[in-house]
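Listed below are the residues making up each chain.
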Amino acid sequence: MKPVAPESAAPQLLGDIRQLIEQSRSQLAVTVNSALTLLYWHIGHRIRTEVLGSERATYGEQIVSALARQLETDYGRGFSTKNLRHMLRFAEAIPSEEIVSAVRRQLSWTHIKTLIYIEDPLKRDFYLQMCQQEGWSTRTLQDRLDSQLFERTALSRQPEQLLAQELATLRQTGTITPALVLKDPYVLDFLGLHDRYLEKDLEDAILRELENFLLELGAGFTFVARQKRIQIDNDDFYIDLLLYNRRLKRLVVIELKLGDFKAADKGQMELYLRWLAKHEQEPGEAPPLGIILCSGKKQEQIELLELDASGIHVAEYLTSLPPRAVLQAKLHEAIARSRARLENRGEGI
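Because the structure is predicted, anything quoted here is derived from the model rather than measured.

Lay out the pairing of strand β6 (residues 312-318) in plain terms, naming residues and giving numbers.
For β6, the tally of buried residues reaches 7 of 7 residues, placing the bulk of the element in the interior. Burial along β6 is two-sided: the residues I312, V314, E316 and L318 and H313, A315 and Y317 are all buried. The pairing of strand β1 (residues 186-187) with β6 spans 2 bridges and is parallel. If you follow Y186 over to β6, its bridge partner there is Y317. Pairing of strand β5 (residues 289-296) with β6, which is carried by 5 bridges, proceeds in the parallel orientation. What sits directly across from I291, in β6, is H313.

Describe the packing of aromatic side chains, listing the residues and the values that go with them.
This model, assessed by the stated rule, comprises 8 aromatic pairs. An angle of 70 degrees between the planes, with centres 6.5 Å apart, marks the rings of F237 and Y272 as edge-to-face. Taken as a pair, F237 in strand β3 (residues 235-245) and Y272 in helix α13 (residues 264-279) lie far apart in primary sequence, 35 residues in all. The residue whose ring lies beneath R144 is W136, and the NZ or CZ to ring-centre distance is 5.5 Å.

Rules behind the numbers
Residues numbered from 1 in each chain as written. Predicted model: local features only at pLDDT ≥ 70, side-chain atom pairs only at ≥ 80, totals over all residues. Heavy atoms only, no water. Buried < 20%, exposed > 50% of the residue type's maximum accessible area, 1.4 Å probe, protein only. Helix = DSSP H or I, 4+ residues; strand = E, 2+ residues; numbered from the N terminus. Pairing = 2+ DSSP bridges. Phe/Tyr/Trp six-rings, centres within 6.5 Å; stacked < 30°, edge-to-face > 60°. Lys NZ or Arg CZ within 6 Å of the ring centre and 35° of its normal.

Read these as geometric descriptors, not functional statements.
Structure representation (structure tokens):
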């Protein structure tokens, strides 16, 4: 065999070496980021310890300013007053070194600066866990915060004790539950629908924007079928959308309703779920889950029907995003109502 001429071998060799360099750079960047994150936490923790040991209210600000002047001279702008305050807040918001060590290879300092200023500890823990589990970029994290993701999850409706338990389980096992995935409402403003449209228009728009729709649904969803035909006693039925969630390991039926949720919708969805469980569910999979997306719903009807026991989730969809304050007020009201209902149910047992 003739030896390969150096000029023809060079591109292959050059490509291989470039790949080695890029891989090494990526690994080095992760290592450096991990080391810096832990360093920043330790600095914040040390300052916090010093500040807590003082009885003077102004001492914290004075010590941070004095440290910054000296550290900036020695080590550069990375240790400015502003950055030292971030480090102090880091240690205050996440006091556990164990948690910091667990996330420092996956989350950048930019992630952490966003997370530590979320005031509600459970909300902050939710976003931290989801960043870690789903590999969110900093832009994705900000988008999820802007869309009020936490407040829209079924998880946020649970009493705080159960919410904390579920987040602790997620941290320890990495197991995603329906409460972490299901939302209400779903924001479908990317569909470009106007005031008047038919159910078929809604379905067509979802399929046109399938990638965005799956992103709004959450992690792990894949498309299976549209208008899936099932036959029961020689009658034909059609499932609007059939999806699969690999994290939940279950089929997910989505039914689209233009108007308000009606009690009869429950029977239709139960029929679909039981047929799928009998004919489509694979060994090792969880029972199918149903999501009824409607433009409105009456909460008392949903509570009386006890849909959760049937594996059915009813949620509104929004084809345009309301002002942030309006959405926030609506979500906080829904969270308070759901938590009160669940707590009252628990007291009655």
